[in-house]
Each structure stands twice: as structure tokens, then as C-alpha cells.
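# Secondary and tertiary structure notes
One letter stands for each residue in the lines below.
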Amino acid sequence: MRTEKVKTDVLVIGAGGAGLRAAIEARRRGASVIMVSKTPAGTASCTAYAAGGFKAALDGPVELFKALKDPEEHFLETVSSGCYLNNQRLVEVLVKEAPARLLELREYGVDVSVKKGGCWVTGSIPMFGTGLTNPLKEYASKVGVKSLERTAIIDLLKTEDAIAGAIALDLSTSDLVVLEAKAVILATGGAGQIYARNDNPTRITGDGYAIAYRAGARLMDMEFVQFILGLAEPNLPSYAFSAYVGKLLNSSNEDPLKKYGLSWGREAQIYARDKLSWILGLEIREGRGIDDALLLDLKDVPEDHWEKSSDPIVRTACWVLRGFDRRSRLIRIAPLTHFFMGGVGINERCETSLSGLYAAGEVSGGLHGANRVGGNALSETIVFGVRAGENAATYSSQREHAPTDWDSVRTIEKQIKQILSKKRYPLKPRAVKDSIGTIMWQHGSVVRDAQGLQAGFDQLGKLQDEAIRRIVATNPTELMEAFEALNMLAVGEMVLRAALNRSESRGAHYRID
């Protein structure tokens, strides 16, 4: 195993919407920039798989979201949906800057189509978000952003008073790369993979939360995990599924939403995701589900609805159901892990509690409060990606590179050697990940209580003890997955501990005790 050292002004960790936009902005401000990603940049992020809708106070000929007459209305909608736990200074930044920042994307080659209540970009099904990430990736390369793909960040490097870079693993060789940076931007997305049922890409394993936590950064609101509707058919993938039409039924052939004062459709699936998910979870928990799911009846929906729609949500639903006889069969649907509202705490400058460390996008916390409105996530990546890049570049211009903490590097080298060594009772990373997903789904998903949360926390603790001793890798990919599994264990414990500490029900955090 060799160790290489590379220097840059700004290091961006993650190459989805927030990472790409942050990297471009930092480069525009004159900083040298390296952007690191475990996968090819822009291709395996939640941004790439998003439906492509951005929420903002924009107006157009066709409705995308509920029309917003001004940023103030966007502000009120965001904080009310977040149950007033949002950092309202961050919300002000979002709603005021989103319209101009989204239109500005055209300067970077993004085809932005303005609608009522926001705008969208269009890629190919099911990756509409590549209409954003592909042009940004090309632009970033053109302006001199250096991209290190198939490279996984293992830990951050610190001095006594600031973050000074990161230690990375080259997934092609298993060699280490010491990245010395004057400023670091976290743009790693969320942690959907800690749950067995999720719609996140495979590499979304909570790395940013874990490395920030180990470095001493403040995290917040980790109990607030958003669940949305997803397919629960045995032979179909667990894609998010928002049809907006049809009839939702429980095992008694009743509409379960009526008794809770909620109506099926766009309103519930965009603005009341928290309530919709726990209603479904409660129905299933109380025995009114079928095979841990409820049923969606689409028999009476005309074919024109599917064939002529330009809405990416509807088009994706049609694509997902290709080959499924929706005229004669009801569709099983159930909650699905989608988004983390909590994360690394930031201020309006995207500064974290650690000097030199910035965060943007889903890895950050505070903007959404207890529940997120549909469309705000993509807008967040652009608005706060710009701010993170700008402020990190300014900070880096006032700093010198700090000496590398070689003790930390040697600690990681020893950990890698331990993981690669033969063991009497080996434990594969994939098995650890599967166990995490099962534990979190059983004990920390939609409907929660203290007994279940504590049981899940205890089980994760035992699994962590086993993993530290027994986890083994035989190739670079397994080595990356071993570190992912350890990060997932840490993040799972954060979620369960935070959920235990919040005894009330609020937004996406629903407790029955």
C-alpha cells in the first residue's frame, strides 16, 4: 500500500448537485479545486435520480408545484411544513436566492424550463436529474476543477484549530491519498442506505455525517428522516412511486386517509409527506395492511394520463410499472426512506462548527426542520452549493496549508491492514450492511416507540462490536464497503439516539408512546 500526497485550496467531497455547484463557484473565485467522488461524478447521486423539479417563486405557463406569488409565500410554506423547527435564516436565504440561482444555471449549460412554482430539468427516465449534473460536470471540467473519481474519503484531517484536508482511498489500487486542503466542503448527500427500504443510490451511506462527527462537528435533527411512498411489489424495484391518481385502500377496502383528514393526491405527496408516511406505517403496524403494504387501485385511470403526461413523476411511475397489469391488479405500496432533514449544522455561510469545514445539500442540517417540502431539496443544492463554494474559496485565500497529521494517516493505514487481514470468523461488509438495514427498518423507521428504538440501538451496538473485530475485505471495493458499513453503524446510532431523546411526535418523527 502506497500513500500519495496532493494539495489543493478547496476540497469538495461529493459530486452531486451541491458538490458540482460548490466546486464551480470555488473555482470561479480563483481557488484550485479537487472534487472527490466514490463513483463517476454526477451519475450515482440522489440529484441524478431526482425527478428534476426545483421549488422557487417563479412563474410559467404550466404548474409544476403550487404557484408561489413571492418568496414570502415560499418561506411560509417551508417553515409550516417543517413544523417551525427550521433554521429560518437558512430558509430566508433559500427563498430569496433560489429564483435567480436557478435561472443562472443556463449559463452553465443546463436547460432550465420555468413552470409555476419553480422549474425543472429533464434527463432520461429514471435519471431526470442528469439534466442538471451532466452539464455541471462538463462545465466544472472546462473551468479547471480536478475530479478524483472512484476515490472514497475515509476521514478528515485536522490541526489544533481547523480542518486541513482528508485521507482518501483509491478504489482502483487500495492506495491512500492524503489530500491537503485549506478548506473542505462536505456535499456527500444523506444516508438512505442505512434502511432496508430506500430509494437512494447504493453509495449513499452517510459518510459525510460520520466523518464530520468523528472530526468533532456539530450535527442536528438526525431523528428527522423523510419517508415517502414506494413500490412494495415482490418482483419490482423499490422505487419512489407518486402517482397522484387512483384510490388508496387498506385490507378492509377502506380509504385510510379519510379518518386522518388527508386526501390522496399531489397535496399529500408533496406537502404532507410526513403525515402520509406515518398514516401508512400505522395502518400496516395495526394489521390493516397486506404483506406489509397498502394497496393502490389504478384501474380507472385512463391511459392518456400515463401516455401524454410531461410530468416526470407521472412518466417515472409509468416506466416503473411497465409490464405490470394495472388494469386487473392492485399495486402494493409502502413507505420508503427518501431524505434526511438533519445533518451537519451550518450557518448562512455554510460554515460548520469546525473552522475550514463547510457543508451544502442533504448532508447539512437546519433548513428543512422536521419535514421537507417536495422540490426544496434540489433548490437547496444550488443555492447553498454556491454559498459553500464562495465562502470556502474566500477562507482558503486567507490560509496556508497546514502540516499533515501523519499520526492520523498511520492510524488509517493500520485499520486498512486489519480489515484486509485473514480472520477465523470473517464478516463480509455486505452482511453487515444488510443487518443494519433490517435493524433500522424494524426499529427506527416510520412509526417509533422507546422500546423499539432502544432495542435497535442495542442491536447496532452489538453489531458494531462484531464488525470492528471481524469485518474483512479481499479487494478495493470490499474495502470501501467495509468503511461504508462502519459509517452506517455510526449514523444509525445517531438517528436512534436522537429519536429516543425526542419523546414528542413532530413532522417525520412519529412516536406512538
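The preceding data block contains the structure.
The following paragraphs examine the structure supplied in this document. These numbers were taken from a predicted model, which means no experiment stands behind them.

### Regarding the overall build of the protein
Scanning the protein from N- to C-terminus turns up 15 helices and 19 strands. A globule of 513 residues ought to have a C-alpha radius of gyration of about 24 Å, and the protein, at 22 Å, matches this closely. Dimensions along the principal axes, computed over C-alpha positions, put the protein at roughly 65 × 55 × 40 Å. For the protein, buried positions account for 63% of its 513 residues. Summarising the internal contacts of the protein: among those between residues at least 6 apart in sequence, 75% fall at separations of at least 24. For the protein, the exposed surface amounts to about 19,600 Å²; the carbon and sulfur share of it is 47%. In the protein, 64 positive and 62 negative side-chain charges are present, and the distance between their average locations comes to 3 Å.

### Considerations on the sheet that holds strand E4 (residues 113-115)
Strand order in the open sheet formed by three strands is E3-E5-E4, with antiparallel pairing between adjacent strands. Edge positions in the open sheet fall to strand E3 (53-55) and E4, since each of these has one partner strand only. The average angle at which neighbouring strand axes cross in this sheet is 25 degrees, direction not considered. For E3 and strand E5 (residues 118-120), the ladder comprises three bridges, and the chain directions are antiparallel. Looking at the pairing, Lys-55 lines up with Gly-118 of E5.

### Digging into empty space enclosed by the protein
Applying the stated criterion to the full structure yields one cavity of 30 Å³ or more. Of the voids in this model, the largest cavity is the one considered here, and its volume is about 40 Å³. Together, Lys-38, Ala-152, Ile-153, Ile-154, Asp-207, Met-480, Phe-483, Glu-484 and Asn-487 line the largest cavity. Elements supplying a minimum of two residues to the lining of the largest cavity: strand E7 (151-158) and helix H15 (476-501). Per element, the largest residue contribution to the lining of the largest cavity is four residues, and it comes from H15. The class makeup of the residues in the lining of the largest cavity is five nonpolar, one polar and three charged.

### Remarks on helix H11 (residues 376-396)
Side chains of residues three or four places apart in an α-helix project in the same direction, reflecting 3.6 residues per turn. Relative to the 30 Å expected for 21 residues at 1.5 Å per residue, H11 spans 29 Å between its end C-alpha atoms, a close match to the ideal helical length. Of all 21 residues making up H11, 18 are buried, and the element is well covered by its neighbours.

### Some details on the nonpolar core
When a protein is soluble and globular, its nonpolar side chains tend to lie buried together. Counting residues in hydrophobic clusters, the biggest one holds 163 residues, and the most contacted among them are Leu-179, Ile-194, Leu-298, Phe-340 and Val-491. For this core, the element with the highest residue contribution is H15, accounting for 15 residues. In this structure Leu-298 touches Phe-241, Ala-243, Val-245, Gly-246, Trp-306, Leu-321, Arg-326 and Ile-331, once residues within four positions along its chain are discounted. With seven residues, the next largest nonpolar core counts Cys-83, Phe-224, Met-341 and Ala-377 among its residues.

### Things to note about the sheet that holds strand E17 (residues 364-365)
Across the sheet, three strands lie side by side as E10-E15-E17; this open sheet has mixed pairing. Of all strands in the sheet, those bounded by a partner on one side alone are strand E10 (219-220) and E17. Sheet topology note: the strand E15 (residues 343-345)/E17 ladder contains two bridges and is parallel. Bridging across to E17, Val-344 finds its partner in Ser-364. Each of E10 and E15 is contacted by helix H6 (residues 207-215), which is oriented at about 45 degrees to E15, the strand it contacts most.

Reading guide: rules and limits
Residues numbered from 1 in each chain as written. Predicted model: local features only at pLDDT ≥ 70, side-chain atom pairs only at ≥ 80, totals over all residues. Heavy atoms only, no water. Helix = DSSP H or I, 4+ residues; strand = E, 2+ residues; numbered from the N terminus. Rg over C-alpha atoms; globule rule 2.2 N^0.38 Å. Buried < 20%, exposed > 50% of the residue type's maximum accessible area, 1.4 Å probe, protein only. Contact = heavy atoms within 4.5 Å. Areas by Shrake-Rupley, 256 points an atom, 1.4 Å probe, with all protein chains shown as cover. Lys, Arg positive; Asp, Glu negative; His and termini not counted. Charge placed at Lys NZ, Arg CZ, Asp CG, Glu CD. Pairing = 2+ DSSP bridges. Axes fitted to C-alpha atoms, helices over the stretch in contact; angles between N-to-C directions. 1 Å grid on protein atoms, 1.4 Å probe; cavity = no way out; pocket = protein on both sides within 12 Å on 5 of 7 lines; lining within 4 Å. Points joined across faces, edges and corners; volume = space filled by probe spheres on them. Nonpolar A, V, L, I, M, F, W, Y, C, P; charged D, E, K, R; others polar. Expected span 1.5 Å × (residues − 1). Core = buried A, V, L, I, M, F, W, Y, C linked by side-chain atoms within 4.5 Å.

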